[in-house]
Amino acid sequence: MMKTVINMTKLEELTSEIRTFCEERDWTQFHTPKDLAIGLVGEAAELLELFRYKNLEESLSALEEKREAVGDELADVFFHLIRFSDLYGFDLSDELRRKMVKNAVKYPAEKVRGKNLKYDEYE
Ligand SMILES: [Mg+2]
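Residues numbered from 1 in each chain as written. Predicted model: local features only at pLDDT ≥ 70, side-chain atom pairs only at ≥ 80, totals over all residues. Heavy atoms only, no water.

It is not clear to me how the packing of aromatic side chains should be interpreted in this structure. Could you clarify?
Aromatic ring pairs are defined here through the distance separating the ring centres and the angle between the ring planes. This model, assessed by the stated rule, comprises five aromatic pairs. Arranged with centres 5.6 Å apart and planes meeting at 70°, the rings of F21 and W27 form a pair that is edge-to-face. When its relative accessible area of 32% is taken as the criterion, F21 is described as partly exposed. Residue W27 is classed as partly exposed on the basis of its relative accessible area of 33%. Among the aromatic residues, ring-to-ring pairing joins F21, W27 and F79 into one connected group. (Phe/Tyr/Trp six-rings, centres within 6.5 Å; stacked < 30°, edge-to-face > 60°. Buried < 20%, exposed > 50% of the residue type's maximum accessible area, 1.4 Å probe, protein only.)

So this is what it looks like as structure tokens:
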């Protein structure tokens, strides 16, 4: 059902490609924190739209039938995430690792294994 895909392209390379793409189009002027955040959420909503009104089985079918469209929206989300981080000085790898440490404290494995409650709903 699930495919594991690991691509070792460095975030640094992707960031540089996006930077060049935006500079060639003089788009930096439009990339305020607010507008990049709106873009990020908008693209995530476009991803969600592909699964709207579908149950689990239909969603899994849509995932295969609309694989390119799903990939397009994942890429759009990733673009905004990388662009925001690049322009405003966030190291995505560091931020992710830092947040995962917080998450590990919030969600101790022995306490939450197999459960999907929010952190403040555990005893
Ligand atoms: Mg899109």
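For this particular structure, what's the right way to read the coordination of the magnesium ion?
By definition of the ideal shapes, a tetrahedral metal site with four donors has angles of 109.5 degrees and an octahedral site with six donors has angles of 90 or 180 degrees. For the magnesium ion, the full set of protein donor atoms is E43 (OE), E46 (OE), E73 (OE) and D76 (OD), and the range of their distances to it is 2.1 to 2.2 Å. Donor residues for the magnesium ion sit on one chain with the sequence pattern E-x2-E-x26-E-x2-D. Of the two residues, E46 is situated in helix 2 (residues 33-49) and D76 in helix 4 (residues 67-87); the sequence distance between them amounts to 30 residues. According to the relative accessible area criterion, E46 is partly exposed, its value standing at 37%. Judged by relative accessible area, D76 falls into the partly exposed class, the value being 28%. (Donors = N, O, S within 2.8 Å, 3.2 Å for Na, K, Ca; no water. Helix = DSSP H or I, 4+ residues; strand = E, 2+ residues; numbered from the N terminus.)

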